[in-house]
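Listed below are the residues making up each chain.
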Number of protein chains: 2
Amino acid sequence: MFEGPVQRLIDELSRLPGIGGKSAQRLAFHLLTGEEADARRLASAIVDMRDQVGQCERCYNVAAGELCAICRDVKRDDSLVVVVERPQDIVVVEKTQEFRGRYHVLGGALSPINGIGPGQLRFDELKGRLEPEGIAELIVATNPTVEGDTTAMYIAREFKPLGMKVTRLASGLPVGGDLDYADELTLGRALTGRSEL
Amino acid sequence: MFEGPVQRLIDELSRLPGIGGKSAQRLAFHLLTGEEADARRLASAIVDMRDQVGQCERCYNVAAGELCAICRDVKRDDSLVVVVERPQDIVVVEKTQEFRGRYHVLGGALSPINGIGPGQLRFDELKGRLEPEGIAELIVATNPTVEGDTTAMYIAREFKPLGMKVTRLASGLPVGGDLDYADELTLGRALTGRSEL
């Protein structure tokens, strides 16, 4: 239907998460009929990012050099480490501006059904950080899913015997949400985790 | 918040239509943490398309060479021309598989409020095609908007004196739609354009 190079771009765009065939077509035409400089700048930004950005050697966050911006920051508290599944989860925690410790990116969550066992995640790397960095508490911020829960329990079992305090983010009602719209599982967790007023 | 090259890609992605800040961030992380070859192939596809695809010299559709695939097709009916606002509108008409004539891309619609007059659109180029190509009918397929309607009326006024038959796509109820959900304007058009059974 489309000229070869247009169709190839539509195909590539369709592979992106959350971009369907129709959106891919719309984006491709925008990139074709819009400002040429904009389109070329987008292409360069993709290439530059892959060329320049890698993994932080310490916490496995994305990093433009050997260490990420958070690990380079000497004013952060070394003793507190938030453990997340993916680098983008760090951003969400950082936005709260309530945490001034460091992070550790596991690279996913335990999922026996998908063949992801402890060997596929960065638990050993985390163990290697405990002593040299003087880590005292691991705050588990895996997703509130079956896999995230399994991972949290695994961390508690493995790291508490090593003298770590292991905590987990609270699950419960979203702030500003409506009780009517809460699902039973979330409400159940909110009940279990209730706090005294 | 993000490493420079990541933030630059997020900024570029946010400029795309229909991509908000959150989606841009999600796409950037996908391009960063996904397969490197996929990311680089997307960048190349953008550059290749801008390098290789231009405008058809005859109808102003997108074209990989001098003429687009439709203008290169010798089996199409030269006498019928569907007039559209943008190249992507051609795809929509082609998908019906009910039209075997040719096209003309105006490059937009008349919009005095946005300073788009006849001089900004390709009416002269269309006039230049009438005689050499033996065009007999112009089927106006501009959008059913105020601008599209204005453009359609302008085409009728300018091209009927030149001996052209000028028709317009019907406006009315979408097939499979529900009368309950039709807005008054569409319903009004459907009434005006009613046909005898």
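Residues numbered from 1 in each chain as written. Chains lettered and ligands numbered in written order. Predicted model: local features only at pLDDT ≥ 70, side-chain atom pairs only at ≥ 80, totals over all residues. Heavy atoms only, no water.

J.: Any chance you could explain the pairing of strand β6 (residues 165-168) of chain A here in plain terms?
T.: Regular strands place their side chains on alternate faces of the sheet. Residue and element names in this part refer to chain A. With four bridges connecting them, strand β5 (residues 137-140) and β6 associate as parallel partners. Bridging from a neighbouring strand, Val-140 pairs with Arg-168 of β6. Read from β5 through helix α7 (residues 146-159) to β6, the crossover connection turns out right-handed. (Pairing = 2+ DSSP bridges. Helix = DSSP H or I, 4+ residues; strand = E, 2+ residues; numbered from the N terminus. Right-handed = clockwise from strand over helix to strand, strands pointing away.)

J.: Explain the interface of chain B and chain A to me, please; I cannot follow it from the model alone.
T.: Often the size quoted for an interface is simply the accessible area lost on bringing the parts together. Taken together, the 51 residues of chain B in the interface contact 51 residues of chain A. Ranking the residues of chain B by area buried against chain A places B:Glu3, B:Met49 and B:Arg50 at the top, with a combined share of 16%. Across the salt bridge formed by A:Asp38 and B:Arg15, the nearest N and O atoms sit 3.3 Å from each other. Our enumeration of links across chain B and chain A arrives at twelve residue pairs in polar contact (both at pLDDT 80 or more). Of all the secondary-structure elements, those providing two or more residues to the side of chain B that touches chain A are α1 (4-14), α2 (21-33), α3 (36-52), β2 (62-63), α4 (69-72) and α5 (87-95) of chain B. Ranked by the residues each element gives to the side of chain B that touches chain A, the list is headed by α3(B), at 14 residues. Among the residues forming the side of chain B that touches chain A, the class breakdown is 29 nonpolar, seven polar and 15 charged. (Contact = heavy atoms within 4.5 Å. Buried area = accessible area lost by both parts, 1.4 Å probe. Salt bridge = Lys/Arg side-chain N within 4 Å of Asp/Glu carboxyl O. Polar contact = N/O pair within 3.5 Å; in protein donor to acceptor, adjacent residues only side chain to side chain. Nonpolar A, V, L, I, M, F, W, Y, C, P; charged D, E, K, R; others polar.)

J.: What am I meant to see in a nonpolar patch on the surface here?
T.: Where nonpolar side chains cluster on the molecular surface, the patch consists of A:Leu173, A:Leu179 and A:Leu187 and spans about 250 Å² of accessible area. Mapped onto the secondary structure, A:Leu173 falls in the loop between β6 and α8 (184-192). (Patch = residues over 30% accessible without salt bridge, like charges linked within 9 Å, V, L, I, M, F, W, Y side chains within 5 Å. Areas by Shrake-Rupley, 256 points an atom, 1.4 Å probe, with all protein chains shown as cover.)

J.: Is there a simple way to explain the relation of the copies chain B and chain A in this structure?
T.: These two copies of the chain differ by a rotation about an axis and a displacement along the same axis. With an RMSD of 0.1 Å, the operation that places chain B on chain A is a rotation of 180° combined with a shift of 0.1 Å along the axis. Overall, the copies show the geometry of a two-fold rotation axis. The rotation axis passes nearest to the C-alpha of B:Ala43 in chain B, at a distance of 2.2 Å. The share of interface residues of chain B whose copies in chain A are also at the interface is 100%, consistent with both copies meeting through the same surface. (Least-squares fit on C-alpha atoms with pLDDT ≥ 70 in both.)

J.: Before we go on, may I ask you to explain the pattern of salt bridges in this structure?
T.: Oppositely charged side chains are able to pair whenever their charged atoms sit close together. Under the definition given, this model contains 34 salt bridges over all chains. Of the charged contacts in the structure, one is a salt bridge between B:Asp73 and B:Arg100, with a shortest N-O distance of 3.4 Å. Linking B:Asp73 in the loop between α4 and β3 (80-84) with B:Arg100 in the loop between α5 and β4 (102-105), this pair joins segments that are 27 residues apart in sequence. Note on B:Arg100: relative accessible area 46%, which makes it partly exposed. Connected through salt bridges with shared partners, the residues A:Arg58, A:Asp78, A:Arg102, A:Arg129 and A:Glu133 form a single ionic network. (Buried < 20%, exposed > 50% of the residue type's maximum accessible area, 1.4 Å probe, protein only.)

J.: I would appreciate a short explanation of the sheet that holds strand β4 (residues 102-105) of chain A in the present structure.
T.: By definition, the strands of a sheet pair up through backbone hydrogen bonds, in either a parallel or an antiparallel sense. All names here are of chain A. Taken together, four strands build an open sheet; the order of strands is β4-β3-β5-β6 and the sheet is parallel. Strand pairing shows two members of the sheet lacking a second neighbour, β4 and β6, which therefore form its edges. Neighbour to neighbour, the strand axes of the sheet diverge by 25° on average, direction disregarded. Here four bridges tie strand β3 (residues 80-84) to β5, and the two strands are oriented parallel to one another. Bridge pairing in β5 places Val-81 opposite Leu-138. Lying on the sheet, helix α5 (residues 87-95) is in contact with β3 and β4; it crosses β4 at an angle near 155°. Contacting β3, β5 and β6, α7 crosses the sheet at an angle of about 165° to β6. (Axes fitted to C-alpha atoms, helices over the stretch in contact; angles between N-to-C directions.)

J.: Sorry, what's going on with the nonpolar core here?
T.: Most often, soluble globular proteins keep nonpolar side chains buried together rather than apart. Of all hydrophobic cores here, the largest spans 44 residues; its most connected members are A:Leu9, A:Ile46, B:Leu9 and B:Ile46. In this view, B:Leu9 contacts A:Leu42, A:Ala45, A:Ile46, A:Met49, B:Ala28 and B:Leu31; residues no more than four positions away in its chain are not counted. (Core = buried A, V, L, I, M, F, W, Y, C linked by side-chain atoms within 4.5 Å.)

J.: Please clarify how the sheet that holds β4(B) should be interpreted in this entry.
T.: All names here are of chain B. Judged by pairing direction, the sheet is parallel, and its four strands sit side by side in the order β4-β3-β5-β6 without closing on themselves. Two strands in the sheet have a free side with no partner beyond their single neighbour: β4 and β6 (165-168). Each adjacent strand pair in this sheet contributes to an overall mean axis angle of 25°, direction not counted. Looking at chain direction, β3 and β4 are connected through four bridges and run parallel. Paired with Val-83 across the bridge in β4 is His-104. Most of the contacts of helix α6 (residues 123-133) go to β4, to which it runs at about 155°, and overall it touches β3, β4 and β5 (137-140).

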